[in-house]
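Now for the letters of each chain:
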Amino acid sequence: MTSQIPQSLEKAMAAAKAALDKHAEDVLVIDLREVSTMADFFVVATAASRPQLLAITEQIEQALKRFRQRPGHIEGKLTRESARAAPSTRRPAICSGDM
């Protein structure tokens, strides 16, 4: 008997891989299934610069398209122009249903 990997875990791992593909650091996939009804997993990653943060965000968006799901909302999304601006503490948050 084979166990099936939940799609929410597949999405979280795809997002983490997408972040790593853009050289993100400190990438974590946190399992929330036992403590939350809002999301199954939470993916956290660190970027060294705003342009890298933009690239990571865009790469994750592309990775989620494989699941035929666009992110429901991206809080604090950077644009190419804002990525070149002075650094700030802005951190995008991508909400994608169960992840």
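Just so it is clear, the model here is predicted, and its values are computed rather than measured.

Analysis parameters
- Throughout, a residue's number is its position along its own chain's written sequence, starting from 1.
- The model is predicted, so local features are restricted to residues of pLDDT at least 70 and side-chain atom pairs to those at 80 or more, both for listing and for counting; the totals for chains, interfaces and linings are taken over all residues.
- The side-chain numbers reported here are obtained from all heavy atoms of the structure, hydrogens and water having been left aside.
- Runs of E in the DSSP output that reach at least two residues are strands. Runs of H or I that reach at least four are helices, and both are numbered from the N terminus.
- Three exposure classes are used, based on accessible area relative to the maximum for each residue type with a 1.4 Å probe and protein chains only: buried under 20%, partly exposed in between, and exposed over 50%.
- Contacts between residues were defined by any pair of non-hydrogen atoms, one from each residue, lying within 4.5 Å.
- What makes a salt bridge here is a side-chain nitrogen of Lys or Arg within 4 Å of a carboxyl oxygen of Asp or Glu, nothing more.
- Surface patches are drawn from residues lacking salt bridges whose relative accessible area is over 30%; two like charges belong together within 9 Å, two nonpolar side chains (Val, Leu, Ile, Met, Phe, Trp, Tyr) within 5 Å.
- Here, Shrake-Rupley sampling with a 1.4 Å probe gives the accessible areas, and only protein chains in the shown set may cover a residue.
- Residue count minus one, scaled by 1.5 Å, sets the expected span of a helix.
- Nonpolar core, defined: a set of buried Ala, Val, Leu, Ile, Met, Phe, Trp, Tyr and Cys residues in which side-chain atoms within 4.5 Å join the residues together.

### Quick word on the environment of F42
Then comes step 1: With respect to the element layout, F42 can be found in strand β2 (residues 41–46).
Then comes step 2: By relative accessible area, which is 48% here, F42 ends up partly exposed.
Then comes step 3: The spacing of F42 and A12 is 30 residues in sequence and 7.2 Å in space, taken between C-alpha atoms.
Then comes step 4: Apart from the residues within four sequence positions on either side, F42 is in contact with L28, V29, I30 and L32.

### Some words on the pattern of salt bridges
Then comes step 1: Under the counting rule described, the total for this entry stands at three salt bridges.
Then comes step 2: In this structure, the salt-bridge partner of R66 is E10, at a minimum N-O distance of 3.9 Å. On the criterion of sequence distance, the pair formed by R66 in the loop between α2 (50–65) and β3 (73–75) and E10 in helix α1 (residues 7–21) is long-range, its members being 56 residues apart.
Then comes step 3: Judged by relative accessible area, which is 57%, R66 ranks as exposed.
Then comes step 4: Residue K17 pairs with D21 through a salt bridge whose shortest N-O separation is 3.1 Å.

### Digging into a nonpolar patch on the surface
Then comes step 1: Side chains of L28, I30 and F42 sit close together on the surface and give an oily, nonpolar patch of about 280 Å² of accessible area.
Then comes step 2: One can find I30 in strand β1 (residues 25–31).
Then comes step 3: By relative accessible area, I30 is classed as partly exposed at 35%.

### Brief notes about α1
Then comes step 1: Compared with the 21 Å implied by 1.5 Å per residue over 15 residues, the 21 Å span of α1 between its first and last C-alpha is a close match.
Then comes step 2: The secondary structure elements touched by the buried residues of α1 are β1, β2 and α2.
Then comes step 3: Downstream of α1 by a residue or two, H23 has a phi angle that is positive, lying close to 65°.

### Brief notes about unusual backbone geometry
Then comes step 1: At H23, a residue that is not glycine, the phi angle is positive and equals roughly 65°.
Then comes step 2: Looking at the element boundaries, H23 is found in the loop between α1 and β1.
Then comes step 3: Of note in the backbone geometry, D26 takes a positive phi value of approximately 50° without being a glycine.
Then comes step 4: On the accessibility criterion, D26 (56% relative accessible area) is exposed.

### Structural notes on the nonpolar core
Then comes step 1: If you look at the biggest cluster of nonpolar residues, it comprises ten residues: A14, A15, A18, A19, A24, I56, I60, A63, L64 and F67.
Then comes step 2: Listed by contribution, the elements that provide at least two residues to this core are α1 and α2.
Then comes step 3: The contact partners of A19, leaving out residues within four places of it in the chain, are A24, V27, A45, I56 and I60.

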